[in-house]
Number of protein chains: 2
Amino acid sequence: MVTKYPQHITLEEAWRLLESAFAGYARKFKTETDITEAAGHILTRDIKAERNVPHYAASAVDGYALRAADTAEASAATPARVKKGKYQWMNTGAALPDWADAVLMVEDSSLEGDELLIYRPLTPSANVRPLGEDVMAGQIIAREGEEVTPALISLFLCAGLEKVPVYRKAKSLFIPTGDEIIARGEWLARESQRSGTVAESNSLFIASSFKKWGCEVDVTPILPDDPELLKEYIQKGAAEYDVVMVGAGSAKGRRDHTTEVFEELGEVLFRGVRMKPGRPAMAACVGGKPVICLPGFPMSTAVTLWSLVLPLLKMLSGHKLGSEKEIIKEAIGTKYSLAAKLLVQHSSPQGIEEWLRVKTALVGKNLYGWALTSGASVLWALAEADGIAMLPASALECEKGTEIEIWMTRRVELQRRALFQGSDDPAIQLLVTPVRRRGADLALRAVGSMGGLAALSRGECHVAAAHLLDEESGGYNDIFIERFSNGRRWKRILVFYRTQGIIVPRGNPKGIKSFRDLCSGELVFSNRQPGAGTRVLFDHLLKSEGTAPEKIKGYSQICTTHMEAANRVYTGLADATLGIRSAADALGLDFIPLAEEPYELVIPEEHLRHPGIEALIESLSDAEWRKQVEEMGGYRWPN
Amino acid sequence: MVTKYPQHITLEEAWRLLESAFAGYARKFKTETDITEAAGHILTRDIKAERNVPHYAASAVDGYALRAADTAEASAATPARVKKGKYQWMNTGAALPDWADAVLMVEDSSLEGDELLIYRPLTPSANVRPLGEDVMAGQIIAREGEEVTPALISLFLCAGLEKVPVYRKAKSLFIPTGDEIIARGEWLARESQRSGTVAESNSLFIASSFKKWGCEVDVTPILPDDPELLKEYIQKGAAEYDVVMVGAGSAKGRRDHTTEVFEELGEVLFRGVRMKPGRPAMAACVGGKPVICLPGFPMSTAVTLWSLVLPLLKMLSGHKLGSEKEIIKEAIGTKYSLAAKLLVQHSSPQGIEEWLRVKTALVGKNLYGWALTSGASVLWALAEADGIAMLPASALECEKGTEIEIWMTRRVELQRRALFQGSDDPAIQLLVTPVRRRGADLALRAVGSMGGLAALSRGECHVAAAHLLDEESGGYNDIFIERFSNGRRWKRILVFYRTQGIIVPRGNPKGIKSFRDLCSGELVFSNRQPGAGTRVLFDHLLKSEGTAPEKIKGYSQICTTHMEAANRVYTGLADATLGIRSAADALGLDFIPLAEEPYELVIPEEHLRHPGIEALIESLSDAEWRKQVEEMGGYRWPN
């Protein structure tokens, strides 16, 4: 079959296709609305005032109407005087009598019996709002294509307008589909958590985004993977709504029938956009209406919503589509832009615009940004990110230090944010909130003990954390810190001792008693990354037992945090892992203690006065934090 | 009486007073809400995931689960083969079976009978979403003090959360007051337009702004000026709402009892803020709740809402109050900031921050900004402005060229906007929309014919317009353009001939027949500003009649546009004015023709390729515009 529509096009091309397909439909959006409902709508023609505002010459102050000529000689020392009948009290807004031409502020007057004393000379028209001062009848007060603001609504009323001609807003429908997708109620019922199910969460993202944009959206029940049913819903949707979104795949999978359904029902405009995530996005025209396929992964849905659906909604509602970048910046809620350097290198796919979720920190004079993850399925990264960086299609291997532009979606006080790189620990993760309560901020990157010290030596963080065993001396950290600091003054703070041990499923079904039992080669182990203190410990223990790494099943299965490693045990993917007690406790797993190790923060002297570091050091004594840490278990405070 | 509270303080001081008075009250805003209602709310504590997301190892693609080891030798040329039972179909999101460790994308496979052909080698975990890839049970997924975003709501559901702890939003009440204020229905009924009435439009501005901010507000009926009634409403409001706003005066007028009422009911926190507009703003604590007085002029209400009420609402709802500037920028809806030069000098009051409503244009390399008006009562200026510039308290006489920072509330394509300065004409005002339809923009400043030529000679606009009578030759414009252009090449475009004449009330009650009748000294005249072409004509005609200007009543009553001058006739403030027929027609006034004059655009050659000028020149042939002009009457196209 010959495909008759464009595939894998640029976003810009996708926009032009949507514009040319639906420009005619957009013209049908012209309507009239009550002024109180008009906010955010685009005017379809110029608006003229029907009245003068004000519609009479009005006093602009509280005071006395009089003739300016009568005040000519007045001064604070020798007030002018006028008799009753030649002045009249005015409230602000009162109509000036015919015979008067100015208003004296009450502060500049006093009364002596019937006589008014005037302490300031006035010119004609002083403190008078002339008729039509604000707007005049017949004057154009707003123009075609402009958005109605709160100020305009208020002005419309004053100018005698009850309704205004606007583009109405598009009404949209979202159809979630998929055999594996389950609805909120079922999902939240604990017992429903079978493998192979996914919460239908995209409709929440969509509903909440639409609300923010002031647009309406309805959501259908979740459809199973059934082309006939989908066809029926799309047809009904296209009849009743302006825009239909289908949450579905458009790839070549067995149940990815969306493409065929779109082809049958109408004209496919394009399939596949050169962006990541969101690449499988697709659009069709069904019965004259736009139907958009939103690929199902949360981040793909988000990107398609921002880059295709919002521009389409805007176009239908009379907005001029400006530059691609400007609309996308608005869609994601950009507050401001920053230029930063990549903290870690990033490989971007060829010929595709990539949306990075980026976190930022300022170390010395270097503003760094790093991508949290590039997976379309990872929603947390979007919630955690400070902003979005769009890597152009031309970007391939972006070296560390490459400059990127970040569209910041939250305000970050960079001068007050400290960057932590080092050994992962759940207790450290709990420090962010106490630091923030002290008016500073802390960004955490778990890169292992060795990775943290290396970053510190390169000036790429304010603080590192390490628990590195020196196999020769049996001591911790000293030799490593000496090596990396290379003579610079680094302050060390012993935060706590923590217990490392073997984490096994609850009830210890394999009856593991000591490290030796792990070396049998029978058990599946979940390992940590090279350079992690826990990995150093594991390799050391293996060596002590004389066991070759190859003998350990799962040795190459790498996790980068304690929780991730413990999780593999919790879900039966591994029989054991090495880790700290708090990770075992968090998941209700059993724990066989092996060693207690010191966990130290390392801070170069020049960063000690950094607001984030000061707050971090203070937070180590925070009573609430210490209580949380004690409750986690497996920690001991130094004396 | 000794005043016990601060008066005329800075905005910063006002904030600190509000913060210290209501920080305790803010803590009572902690509540819990369904995740779907949580958008825009601030979290009161850290949120931990209750589940792994995903909660099983899942296929990330549509394809076949298999063992990575079986794919080791695969290539596009020589596919690897696996038998039935060693592969299994996977929809995206399906749970990986125990025996498999990778998923082959369907695109990289084909089936030959029961046998799967593999065209690409895989590593273990390829195309598998590990358990907890997104978030892990127990992981902190959002922190105290963070705002709930659409992405977080979606993540909350996936992570098994039904409700989240947030600060609820404040519920506010607005009480409009004033004997002169009338409600919408009454206002829109034509017959109600007596002098001394003002539409209650502030509640529309407030309701629409609150909606934009995601906050609730109720509005009471309009109260007359009655202290007892106001007291009752404030007390009831403070009992039922979190924030009460009173639309009223706080000056020293006879009916400005708000201050006394505030003093009686509770503790006044401050009265008067050093800003313009909004200076009479006042705040009190009544029954532990904040009560804010919003001064009644529309722009004063707006400024008080932006600078005091929104920060208060944010504080109560758990936001950290950042810098003053940042919150105000958010309140007014700033899209971006620009640095511009003042086009006209501006006098700012001493010791007071002034909010200017600014319009912008880029001429050559100079980005100019000019204040539209500084009156608190003028709402149009707010609707028309491109943005707000805050002049610091230290600003006094700001010379032309002074640099100002503009917080732009709309996107302006400055490169495509032409700046027109010159003679006012209603037909020219209608050109903005045709210019915009051509993808460009036009900003108009009515400064009179002479003013326009002078601006053009200083390089302060792209186009001027003139109809200046040369008294000696009886011709128009030539000598003036020669003088101002000073040898530079200026293109002249004759737009139309327009009829100047005497504008008199409908029915011509004073029986005016010719210019001579105006010279009697009996009639009140409405005059135009020096330098206006119409003024030049008037002075010329006076001279021809041998009449001294002093003989003309109202000679010094200056209007700067035709419509303004005609309006004075329309409302009986003047018996006659000189102007163009279209102004008379717009208001249904009578018109006695005197002369036909050429109206010319003047454009320096270097601006002829400017997109705004090109669109303007094109628009002069726009059929719709020409039809509108013809319908207005009093214009004749050149042959």
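See the structure shown above.
Small disclaimer: the values here were computed from a predicted structure and weren't measured.

Criteria and cut-off values
- Sequence order as written defines residue numbering, which begins from 1 separately in each chain.
- Chains and ligands are labelled sequentially in the order written, the chains with letters from A and the ligands with numbers from 1.
- With the structure being a predicted model, the display of local features is reserved for residues of pLDDT at least 70 and the display and counting of side-chain atom pairs for 80 or more, all residues being used for whole-chain, interface and lining totals.
- To get the side-chain values, all heavy atoms of the structure are used, and hydrogens and water are removed first.
- Here, residues are in contact when the closest pair of their heavy atoms is within 4.5 Å.
- When two parts are put together, the accessible area they lose, computed with a 1.4 Å probe and summed over both, is reported as buried area.
- Salt bridge criterion: a side-chain nitrogen from Lys or Arg within 4 Å of a carboxyl oxygen from Asp or Glu.
- Here a polar contact is recorded for every N or O atom pair within 3.5 Å, except that within protein the pair must consist of a potential hydrogen donor and a potential acceptor, and residues adjacent in sequence are included only if both atoms are side-chain atoms.
- In DSSP terms, a helix is any run of H or I states spanning at least four residues, a strand is any run of E spanning at least two, and both are numbered starting from the N terminus.
- Residues are grouped as follows: Ala, Val, Leu, Ile, Met, Phe, Trp, Tyr, Cys and Pro are nonpolar; Asp, Glu, Lys and Arg are charged; every other residue, Gly included, is polar.
- Exposure is judged per residue with a 1.4 Å probe applied to protein chains only, and the accessible area is read against the type maximum: over 50% gives exposed, under 20% gives buried, and values in between give partly exposed.
- Here, any two strands with at least 2 DSSP bridges between them count as paired.
- Simply put, an axis is a line fit to the C-alpha atoms, just over the touching stretch for a helix, and the angle between two N-to-C directions goes from 0 to 180 degrees.
- To line up the copies, we fit them by least squares on C-alpha atoms, keeping just the residues with pLDDT of at least 70 in both.
- Side-chain rings of Phe, Tyr and Trp (the six-membered ring for Trp) are treated as a pair once their centres are within 6.5 Å; stacked means planes under 30 degrees apart, edge-to-face means over 60, and tilted covers the remaining angles.
- Lysine NZ or arginine CZ positioned within 6 Å of the ring centre and within 35 degrees of the ring normal marks a charge as sitting over the ring.

Draft legend 1. Spotlight on the interface of chain A and chain B. With 100 residues of chain A at the contact, the number on the chain B side is 99 residues. Across the interface of chain A and chain B, roughly 8,900 Å² is buried in total on both sides, 54% from carbon and sulfur atoms. The largest share of the area that chain A buries against chain B comes from Arg51, Leu157 and Arg184 of chain A, three residues that together contribute 8% of it. The tally of links from chain A across to chain B stands at 12 salt bridges. A salt bridge links Arg436 of chain B to Glu146 of chain A; its shortest N-O distance comes to 2.8 Å. Here chain A is connected to chain B by 32 residue pairs in polar contact (both at pLDDT 80 or more). Counting residues per element, the ones that place at least two in the side of chain A that touches chain B are β12 (140-142), α2 (150-158), α3 (184-188), β16 (198-199), α4 (202-213), α9 (380-384), α11 (432-437) and α16 (562-570) of chain A. A total of 8 residues in the side of chain A that touches chain B trace back to one element, the largest contributor, which is α2 of chain A. Per-class residue counts for the side of chain A that touches chain B are 43 nonpolar, 26 polar and 31 charged.

Draft legend 2. Representation of the environment of Ile328 of chain B within the structure. Along the chain, Ile328 of chain B falls in helix α8 (residues 324-332). Apart from residues no more than four positions distant in its own chain, Ile328 of chain B is found in contact with Leu11, Trp306, Ser307, Trp355, Met390 and Trp407 of chain B.

Draft legend 3. Just helix α12 (residues 448-457) of chain B, in detail. All names here are of chain B. In terms of residue burial, α12 counts as a mostly covered element, since 7 of its 10 residues are buried. Every buried residue of α12 is listed here: Gly448, Ser449, Gly452, Leu453, Ala454, Ala455 and Leu456. Remark: Gly459 follows α12 within two positions and exhibits a positive phi of approximately 75 degrees.

Draft legend 4. Summary view of the sheet that holds strand β10 (residues 115-118) of chain A. Residues and elements named next belong to chain A. Sheet architecture is open: 3 strands sit in the order β6-β10-β9, paired in antiparallel fashion. Among the strands making up the open sheet, the edge pair consists of β6 (80-82) and β9 (109-112). Averaged over neighbouring strand pairs, the angle between their axes works out to 30 degrees when direction is ignored. When β9 meets β10, the two strands line up antiparallel, connected through 4 bridges. Across the sheet, residue Ser110 finds its bridge partner in β10, namely Leu117.

Draft legend 5. Looking closely at the relation of the copies chain A and chain B. After a rotation of 180 degrees and a shift along the axis of 0.0 Å, chain A superposes on chain B with an RMSD of 0.2 Å. Each copy turns onto its partner about a two-fold axis. Most of the interface of chain A is mirrored in chain B, where 98% of its interface residues again form contacts.

Draft legend 6. Spotlight on the packing of aromatic side chains. Scanning the model with the defined rule gives 26 aromatic pairs over all chains in all. Put simply, the rings of Phe496, Tyr599, Trp625, Tyr635 and Trp637 of chain A pair up and form one aromatic cluster. Looking at Arg168 of chain B, its charged tip hangs above the ring of Phe29 of chain B, at a distance of 4.1 Å from the centre. Positioned above the aromatic ring of Trp637 of chain B, the side-chain terminus of Arg626 of chain B is 3.9 Å from the ring centre.

Draft legend 7. Fine view of the sheet that holds strand β7 (residues 88-90) of chain A. Residues and elements named next belong to chain A. As summarised here, the arrangement of the 3 strands in space is β7-β5-β8, forming an open sheet in which the pairing is antiparallel. Sheet topology places β7 and β8 (102-105) at the edges, where each strand pairs with a single neighbour. For this sheet, the mean angle separating the axes of adjacent strands, direction not counted, is 40 degrees.

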